[in-house]
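Okay, here's what each chain looks like letter by letter:
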Amino acid sequence: MKKISKYQGKKVLVMGFGISGINAAHLLVKLGATVTANDMKNPKDPQVVADLEADGIKVITGSNPVSLANEGFDLVVKNPGIPYDNPLVAKFVAQKTPIITEAELGWEIFDGHLVSVTGSNGKTTTTTLTQLMLAKSSSHNVKYAGNIGVSFSKVAEGMGPDDTLVTELSSFQLLGCPTIHPHIAIITNIFSNHLDYHKTRENYINAKLNITRNQTKDDFLIMNWDRDEWQEIARRSQATIVPFSRLNKSHDGAYEEDGMICWRGEQIMKASDIRLIGPQNVENALAAIAAAKLSGVSNDDIISVLTTFGGVRHRLQYVMEYKDRLFYNDSKSTDIEATEVALQGFDRPVILLAGGLDRGYTFERLVPYFKKHVKAIIVFGQCKDKMKDAAEQAGIPTILESENAITAVPAAWKVSEPGDVILLSPANASWDQFPSFEVRGDRFIEAVEKLTNQKEK
């Protein structure tokens, strides 16, 4: 860990009691700051507050008092999910008080080799694949952290200059990372996500580009090359661009050609030998391969990871097979694009479980994928009528309504036949019925286990 003195004697407000916020508060105390921790809610576990107070941290819960903006804080470390139009945050913005996220704090104390991953879809799988490949060939620590569910600053504390940290970074986190400087950055893709937070697509793109903002020509930006727009976005970076392309649009990096996975003219393996299913996972593998090859990882180690890694929970996760039906949990598919690519991964008939939070858009884009892949659909949540309209346009013969992703499981089973896939891929956020996509996916798996009287594989 770098020896950081810039926080000595500084007055810092930490907003949000998530894992990263709590770790940030304790770390700032170690770095010599005077810390106040604030959360809109009262923590369910009183030990959280007790531990903070035992470290000399002032704790305020139950609201974000705007009066805190008048207490002379030198810095705010904000939970990424708290929007900038929050009244307290907006007051700090108006006062020009620096606002960062915990990921920036993690970067400031880290002095090893940093690889960072962002994108609309595929971040977690790409982060995990990259970490596994790099770890397989390194004699030093190679860990992952960030939006993958592990605090960046907490992991960074225990790492040295020869270690490597692979970080998943969301657009929310990157907005608060003004100095982060990965040697290798990956952008998996950019769709139109989180516009309720960012307001415009250009704002969203600019947030993503913070991952490469401080890179130079001595660094690498690994970019999906399969859309002209993404190529133009990549050219905004000062880094050396390394493309990856499932559609064989460039041979300057990693690409798929004639069913083979290649790196700069060299064949590595058959695309069909990648254990993860679906075209999106070929893209994730290509991005990870590019990072691995730039880091000196051998083809044998790359092949070993890609032929054995079975997937990240909630991301087109294979759950089990029961009476010749395959169950998949793709709860992380919270947008239309993710469900499109999920459906393309199957050559069996699909019974689709879909629906969730109504964000105002309709689902006509899914109609061709419904026609090709879906034999029955169970819809639920706020947008079930819109999803039902798209299913009717596609001519899906069996369209059913259910209360939620849990009750949809037995309904799907009743209309299934041997050889079918029962797939939860909602194409929508979970917040109308569940606190997170993780909870939605977990409840789906529990419903499958109850139906089959088996445990997930």
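Parameters and conventions
- Residues numbered from 1 in each chain as written.
- Predicted model: local features only at pLDDT ≥ 70, side-chain atom pairs only at ≥ 80, totals over all residues.
- Heavy atoms only, no water.
- Helix = DSSP H or I, 4+ residues; strand = E, 2+ residues; numbered from the N terminus.
- Phe/Tyr/Trp six-rings, centres within 6.5 Å; stacked < 30°, edge-to-face > 60°.
- Buried < 20%, exposed > 50% of the residue type's maximum accessible area, 1.4 Å probe, protein only.
- Pairing = 2+ DSSP bridges.
- Contact = heavy atoms within 4.5 Å.
- Axes fitted to C-alpha atoms, helices over the stretch in contact; angles between N-to-C directions.
- Arc of directions from axis to C-beta.
- Polar contact = N/O pair within 3.5 Å; in protein donor to acceptor, adjacent residues only side chain to side chain.
- Right-handed = clockwise from strand over helix to strand, strands pointing away.
- Salt bridge = Lys/Arg side-chain N within 4 Å of Asp/Glu carboxyl O.

### Notes on the environment of Gly149
- Within the secondary structure, Gly149 sits in the loop between strand E7 (142–146) and helix H6 (152–157).
- Once the C-alpha coordinates of Gly149 and Asp45 are considered, the two residues, 104 residues apart in sequence, prove to be 19 Å apart.

### Things to note about the packing of aromatic side chains
- Counted according to the given criterion, the structure contains eight aromatic pairs.
- Relative to Trp413, the ring of Phe327 lies with its centre 6.3 Å away and its plane at 15°, an arrangement referred to as stacked. Placement of Phe327 in strand E16 (residues 325–329) and of Trp413 in helix H16 (residues 408–415) is noted, with a sequence separation of 86 residues between them. Pair check on accessibility: Phe327 and Trp413 agree, each one buried.
- A centroid spacing of 4.9 Å and a plane angle of 70° characterise the contact between Tyr328 and Phe346, whose relative ring orientation is edge-to-face. Of this pair, Tyr328 sits in strand E16 while Phe346 is found in the loop between helix H13 (336–343) and strand E17 (350–355), placing the two residues 18 residues apart along the sequence.
- Take Phe346: its relative accessible area is 8%, and that puts it in the buried class.
- Chaining the aromatic ring pairs together yields one cluster made of Tyr318, Tyr328 and Phe346.

### Focus: the sheet that holds strand E3 (residues 58–61)
- The strand order E3-E2-E1-E4-E5 describes an open sheet built from five strands, whose pairing is parallel. Because the sheet does not close on itself, it has two edges, and the strands there are E3 and strand E5 (99–100).
- Both strand E1 (residues 11–15) and strand E2 (residues 34–39) contribute to a ladder of five bridges, which runs parallel. Looking at the pairing, Met15 lines up with Asn38 of E2.
- In the packing of helix H1 (residues 19–30) onto the sheet, contacts are made with E1, E2 and strand E4 (75–78), and the angle to E1 comes to roughly 165°.

### Re the pairing of E17
- For E17, the tally of buried residues reaches six of six residues, placing the bulk of the element in the interior.
- Every second residue of E17 is oriented toward a common face, with Val350, Leu352 and Ala354 on one face and Ile351, Leu353 and Gly355 on the other, all of them buried.
- Pairing of E17 with strand E18 (residues 374–380) involves six bridges; the strand directions are parallel. Each residue of the ladder has a partner; that of Leu352, found in E18, is Ile377.
- Two strands pair when backbone bridges link them, and E17 and strand E20 (residues 421–424) are joined in this way by four bridges, in the parallel orientation.

### Focus: helix H3 (residues 87–95)
- Those residues of H3 lying buried are Leu88, Val89 and Phe92. Relative to the axis of H3, the buried residues are bounded by an arc of 100° and lie together on one face. Turned more than 90 degrees from where H3 packs its buried face, Pro87 and Ala94 sit exposed.
- Residues of H3 that are buried in the fold lie against E1, E2, E4 and E5.
- N-cap assignment for H3: the residue whose side-chain oxygen lies 2.9 Å from the backbone N of Leu88 is Asn86.
- Directly beyond the C-terminal end of H3, a positive phi value near 65° is found at Lys96.

### A closer look at the pairing of E3
- Relative to E3, E2 runs parallel, the two sharing four bridges. Its bridge partner lying in E3, Asn38 is registered against Ile60.
- For the segment spanning E2, helix H2 (residues 46–54) and E3, crossover handedness is right-handed.

### Concerning the side chain of Thr36
- Tracing the backbone shows Thr36 in strand E2.
- What makes Thr36 buried here is its relative accessible area of 6%.
- If near-sequence neighbours (up to four positions away) are discounted, Thr36 is found in contact with Val12, Leu13, Val14, Ile57, Lys58, Ile60 and Phe73.

### Re the pattern of salt bridges
- Counted by the stated rule, this structure contains 20 salt bridges.
- Between Glu229 and Arg201 there is a salt bridge, with the nearest N and O atoms lying 2.6 Å from each other. With a gap of 28 residues between them, Glu229 in helix H10 (residues 228–234) and Arg201 in helix H9 (residues 201–209) connect regions that are remote in the sequence.
- According to the relative accessible area criterion, Glu229 is partly exposed, its value standing at 32%.
- Residue Lys375 is joined to Glu417 by a salt bridge in which the shortest nitrogen-to-oxygen separation is 2.9 Å.

### Regarding unusual backbone geometry
- Positive phi is not limited to glycine here, since Lys96 has a value of about 65°.
- Residue Ala427 is not a glycine yet carries a positive backbone phi of 65°.
- Tracing the backbone shows Ala427 in the loop between E20 and helix H17 (437–452).

### Concerning the sheet that holds E16
- The mixed open sheet is built from six strands, whose spatial order is E15-E16-E20-E17-E18-E19. The sheet is open, and its two borders are formed by strand E15 (317–322) and strand E19 (398–401), each paired with just one other strand. Neighbour-to-neighbour, the strand axes of the sheet open up by a mean angle of 15°, direction not taken into account.
- Where E15 and E16 come together, five bridges link them in antiparallel fashion. Within the sheet, the bridge partner assigned to Tyr322 lies in E16 and is Arg325.
- Across the sheet, H16 is in contact with E15, E16, E17, E18, E19 and E20; its angle to E18 comes to roughly 155°.

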